[in-house]
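Chains, contacts and geometry: an overview
Chain by chain, the residues run as shown.
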Amino acid sequence: MKRGKAGALFGDRYAILTPRKLFLLRGKVSVFPSNAISLEEVSPRFDDSKGTIHLDVCGKEYVLQGTDKEVSQEWFVEIARAATSRVHTLMWDDSTAEKMKQEAE
């Protein structure tokens with residue numbers, strides 16, 4: 001489970017990544033997720049300038065951010081790997097692509 005920033009309006013949120021779903025939780029001790037995102041239906045992209053992950057799911061956009069840019073990149077890489085059915089539509093910048101290449105070696 002990782003902590004992310006949801007902004008001043010929502011406070012910190014947490015996420016659990018499984019092979020096919022990303023579960024979003026309202027707090028560290030939440031028993032049930034507030035949302036579950038199917039990674040088979042997601043089109044993830046990474047905004048390098050803001051260090052944010054954008055997930056487009058059925059016309060709704062989720063914006064996720066880790067505790068820092070490096071954590072966000074690590075999460076993006078793992079989400080991209082889990083989104084196996086949509087790999088061909090992924091978009092990322094050169095630094096994220098390089099990180100994925102290094103991890104594959």
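All values reported here derive from a predicted model rather than from experimental measurement. (Residues numbered from 1 in each chain as written. Predicted model: local features only at pLDDT ≥ 70, side-chain atom pairs only at ≥ 80, totals over all residues. Heavy atoms only, no water.)

Relative to the elements of secondary structure, Ser38 occurs in strand S4 (residues 35-38). Non-local contacts of Ser38, meaning those with residues more than four positions away in its chain, are made with Arg20 and Lys21. (Helix = DSSP H or I, 4+ residues; strand = E, 2+ residues; numbered from the N terminus. Contact = heavy atoms within 4.5 Å.)

With respect to the helices and strands, the residue Ser43 is situated in strand S5 (residues 42-47). The spacing of Ser43 and Asp56 is 13 residues in sequence and 5.2 Å in space, taken between C-alpha atoms.

With that settled, the discussion passes to the environment of Cys58. Secondary-structure assignment places Cys58 in the loop between strand S6 (52-57) and strand S7 (60-64). Spatially, the C-alpha atoms of Cys58 and Ser43 are 9.5 Å apart, while their sequence positions differ by 15 residues.

Now for the nonpolar core. Ranked by internal contacts, the top residues of the largest apolar core, which has 19 residues, are Leu22, Ile53, Leu55 and Ile79. For this core, the elements supplying multiple residues, two or more each, are strand S3 (21-25), S5, S6, S7 and helix H1 (69-82). Here this core gets six residues from one element, more than from any other, and that element is H1. The residues touching Leu22, leaving out its near neighbours within four places in the chain, are Ala15, Ile16, Leu17, Asn35, Ala36, Ile37, Leu39, Leu55, Leu64, Trp75 and Ile79. (Core = buried A, V, L, I, M, F, W, Y, C linked by side-chain atoms within 4.5 Å. Buried < 20%, exposed > 50% of the residue type's maximum accessible area, 1.4 Å probe, protein only.)

So, on to the packing of aromatic side chains. This structure, assessed with the given rule, holds one aromatic pair. Plain terms: the ring middles of Phe46 and Phe76 are 5.8 Å apart, the flat faces sit at 50° to each other, and that makes the pair tilted. You can see Phe46 sitting in strand S5 and its partner Phe76 sitting in helix H1, a full 30 residues away along the chain. Looking at Phe46, the relative accessible area reads 7%, which means it is buried. (Phe/Tyr/Trp six-rings, centres within 6.5 Å; stacked < 30°, edge-to-face > 60°.)

Looking now at the confidence of the model for the protein chain. Model confidence for the protein chain is summarised by a mean pLDDT of 78, while 74% of its residues fall at 70 or above. Counting contacts from residues 1-9, a segment whose pLDDT is below 50, to residues more than four positions away or on other chains yields 23 contacts. Residue range residues 85-89 is modelled with pLDDT below 50. Its contacts to residues more than four positions away, or to other chains, number seven contacts. (pLDDT = per-residue confidence, 0-100.)

What the three strands build is an open sheet, ordered S5-S6-S7; its pairing is antiparallel. If you trace the sheet from one side to the other, it starts and ends with S5 and S7, each paired once. Strand-to-strand twist of the sheet, defined as the mean angle between neighbouring strand axes without regard to direction, takes the value 20°. Judged from the five bridges that link them, S6 and S7 form a sheet pairing that is antiparallel. Bridging across to S7, Ile53 finds its partner in Leu64. (Pairing = 2+ DSSP bridges. Axes fitted to C-alpha atoms, helices over the stretch in contact; angles between N-to-C directions.)

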